[in-house]
Amino acid sequence: MGGVGWHSADQGVERAVERTLGHLRTLDASPAQPSGPLTLEDLYRQHRMRLVRLAVLLVDDAATAEDVVQEAFTGLHRHWSSLRDAAAAVGYLRTAVVNGSRSVLRRRKTAREYTPPHTTTARSAESLAMLTAEHQAVVAALGKLPPRQREVLVLRYYGGLSEAEIAEATGISRGTVKSTASRALDALQRIMTANN
C-alpha cells in the first residue's frame, strides 16, 4: 500500500502511518461474508467496528463515533431498497461516516470555537494497550492534523482506499487528495519530530 505517489514527505513518516493504521485495520478485520443475499444485519455485524474505528480516528471521541456510525446505518436502512449491491452499501456507509464526522466537527466549532482535541482522546484503554509506543505516537500526531488531512490519511492507510475512492468518499478531487495527503505527511513529520 505504500508508495502512492506522495513523495514530498519523509518516507519514514509514511511508513509509520501505514504500519500503525494497517495494524488497526488488521485488528478490525471483517469476518467472512455469509452465503446468500447480504442483509443489513450482515453489514452491521461485518462493518460496524471498523466504521466506529474510522469515526474515532476522525472525531477523537468514542461515544460520538458510535453515534455517527449508528446514524450511517439508520440512513442506510432508509435507502436500502434503492441500493445497487453490497459494495454500494459499504461505500454509502463509509461516505456517511466521513460526512457525519465532518458534521460533528462543524457543530463543535460552531458551539465552542472548536480547536481539535489534541491532548486527550477517548479511545478505549484496551485499544491503546494493543498499540506500541510508536503506534500511539502516530495516532496522537494524527489527532493534531486538520480534519481533512486526517480524513485523507485515515481513509488511505486505515480504510485501504485508493485515491479515487477517497475522492468519492470525501467529495474532493483526486488531485486534492494527493496534495492533501502530501501536506498531511509533511505536517505529521513536523509534529512527530517536535515531540521527540
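Basis of the calculations
- Residues numbered from 1 in each chain as written.
- Predicted model: local features only at pLDDT ≥ 70, side-chain atom pairs only at ≥ 80, totals over all residues.
- Heavy atoms only, no water.
- UniProt positions renumbered as here; feature names shortened; annotations may be inferred.
- Helix = DSSP H or I, 4+ residues; strand = E, 2+ residues; numbered from the N terminus.
- Buried < 20%, exposed > 50% of the residue type's maximum accessible area, 1.4 Å probe, protein only.
- Contact = heavy atoms within 4.5 Å.
- Expected span 1.5 Å × (residues − 1).
- Phe/Tyr/Trp six-rings, centres within 6.5 Å; stacked < 30°, edge-to-face > 60°.
- Lys NZ or Arg CZ within 6 Å of the ring centre and 35° of its normal.
- 1 Å grid on protein atoms, 1.4 Å probe; cavity = no way out; pocket = protein on both sides within 12 Å on 5 of 7 lines; lining within 4 Å.
- Points joined across faces, edges and corners; volume = space filled by probe spheres on them.
- Core = buried A, V, L, I, M, F, W, Y, C linked by side-chain atoms within 4.5 Å.

- The chain goes by RNA polymerase sigma-70 factor, sigma-E family in an unreviewed UniProt entry, where it is assigned to Streptoalloteichus tenebrarius.
- The heading Sequence similarities (unreviewed entry) in the UniProt record of the chain holds the text "Belongs to the sigma-70 factor family. ECF subfamily."

1. Comments concerning the overall build of the chain
Move 1: Across its full length, the chain holds nine helices and zero strands.
Move 2: Listing every helix and strand of the chain by position from the N terminus yields α-α-α-α-α-α-α-α-α.
Move 3: When burial is assessed residue by residue, the chain has 44% of its 196 residues classed as buried.
Move 4: Sequence-distant contacts, at least 24 apart, represent 72% of the contacts inside the chain between residues at least 6 apart.

2. A short note on helix H7 (residues 147-158)
Move 1: Along its 12 residues, H7 runs 15 Å from first to last C-alpha, staying within 8% of the 16 Å computed at 1.5 Å per residue.
Move 2: In terms of residue burial, H7 counts as a mostly covered element, since 10 of its 12 residues are buried.
Move 3: Among all positions in H7, only Gln149, Arg150, Glu151, Val152, Leu153, Val154, Leu155, Arg156, Tyr157 and Tyr158 are buried.
Move 4: Directly after H7, the chain includes glycine 160, whose backbone phi takes a positive value near 65°.

3. Considering the packing of aromatic side chains
Move 1: Inspection of the entire model under this criterion finds one aromatic pair.
Move 2: Ring geometry for tyrosine 44 and phenylalanine 73: centres 5.0 Å apart, planes at 70°, overall edge-to-face. In this pair, tyrosine 44 is assigned in helix H2 (residues 40-59) and phenylalanine 73 in helix H3 (residues 62-79), connecting sequence segments 29 residues apart.
Move 3: Owing to a relative accessible area of 33%, tyrosine 44 belongs among the partly exposed residues under this scheme.
Move 4: Lying across the ring of tyrosine 158, arginine 50 places its NZ or CZ 5.7 Å from the centre.

4. Structural notes on the layout of surface pockets
Move 1: As a volume, the second largest pocket reaches approximately 200 Å³.
Move 2: Considering the residues around the second largest pocket, the lining is formed by Leu83, Arg84, Ala87, Ala88, Gly91, Tyr92, Arg94, Thr95, Leu161, Glu165, Glu168 and Ala169.
Move 3: Elements represented by at least two residues in the lining of the second largest pocket include exactly helix H4 (86-112) and helix H8 (163-170).
Move 4: The biggest single contributor to the lining of the second largest pocket is H4, with six residues.

5. Brief notes about the nonpolar core
Move 1: Of all hydrophobic cores here, the largest spans 49 residues; its most connected members are Val17, Leu21, Leu54, Val97, Leu145, Leu153 and Leu188.
Move 2: Those elements that provide at least two residues to this core are helix H1 (11-27), H2, H3, H4, helix H6 (133-142), H7, H8 and helix H9 (174-194).
Move 3: With nine residues, the top contributor of residues to this core is H2.
Move 4: Look past the residues within four positions of leucine 188 in its chain and what remains in contact with it is Val13, Val17, Ala141, Leu142, Leu145 and Leu153.

6. Focus: the environment of leucine 188
Move 1: Mapped onto the secondary structure, leucine 188 falls in helix H9.
Move 2: Between the alpha carbons of leucine 188 and glycine 143 there is a distance of 9.9 Å; along the sequence they are 45 residues apart.

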